[in-house]
Amino acid sequence: MSQETFCSMISMSEPGPGDGGNTGSWRVLRPVIDPEKCIPAKSGKAACFNCWLYCPEAVVTKTIGPTIDYTYCKGCGICAEECPAGAITMVDEASFTKEEN
Ligand code: SF4
Ligand code: SF4
């Protein structure tokens, strides 16, 4: 069975507003993906995606390369812990300008 077929058979969630609203406003640390280190981003191949798999909020895309929906990312850091390439850095939210938010 191809991975695409398998993925279409399992249940998947999409990020959306729950009781907590736009939960990204809770975040103190922001995960930032380095495309120079990220395996699918640098290889152009569908590989790894640990960040997508382990994110408890389902806010990481399974794309080449992966992106994060900061509207709902709570900054838990699980993606950074599970990244085998050390491609995700947790950066202090205070270091971003208003335009970057
Ligand atoms: S876990 Fe790391 S290397 Fe793997 S897809 Fe995510 S950012 Fe890229
Ligand atoms: S910090 Fe947590 S919520 Fe945000 S993308 Fe990583 S695993 Fe998901």
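The rules we used
- Residues numbered from 1 in each chain as written.
- Chains lettered and ligands numbered in written order.
- Predicted model: local features only at pLDDT ≥ 70, side-chain atom pairs only at ≥ 80, totals over all residues.
- Heavy atoms only, no water.
- Near = heavy atom within 4 Å.
- Helix = DSSP H or I, 4+ residues; strand = E, 2+ residues; numbered from the N terminus.
- Nonpolar A, V, L, I, M, F, W, Y, C, P; charged D, E, K, R; others polar.
- Phe/Tyr/Trp six-rings, centres within 6.5 Å; stacked < 30°, edge-to-face > 60°.
- Lys NZ or Arg CZ within 6 Å of the ring centre and 35° of its normal.

Peer 1: Before we move on, can you summarise the site of ligand 1 with the specific residues and values?
Peer 2: With respect to spatial proximity, 13 residues lie near ligand 1, and among them Cys-38, Ile-39, Cys-48, Cys-51 and Cys-83 are the closest. Secondary structure elements with two or more residues in the shell around ligand 1: helix H2 (39–43) and helix H3 (50–54). Per-class residue counts for the shell around ligand 1 are twelve nonpolar, one polar and no charged.

Peer 1: Give a description of the site of ligand 2 that names residues and reports values.
Peer 2: Around ligand 2, the structure places 14 residues, and the nearest of them are Cys-55, Cys-73, Cys-76, Gly-77 and Cys-79. Taken together, the residues that form the shell around ligand 2 break down as ten nonpolar, two polar and two charged.

Peer 1: Report on the packing of aromatic side chains, specifying residues and quantitative values.
Peer 2: By convention here, two paired aromatic rings are described through the distance between centres and the angle between planes. Tallying each qualifying case throughout the model produces zero aromatic pairs. One Lys or Arg, Arg-30, reaches over the ring of Phe-96 and ends 3.8 Å from the middle of that ring. Over the aromatic face of Trp-52 sits the side chain of Lys-62, whose NZ or CZ is 4.3 Å from the ring centroid.

Coordinates in, geometry out; function isn't part of it.
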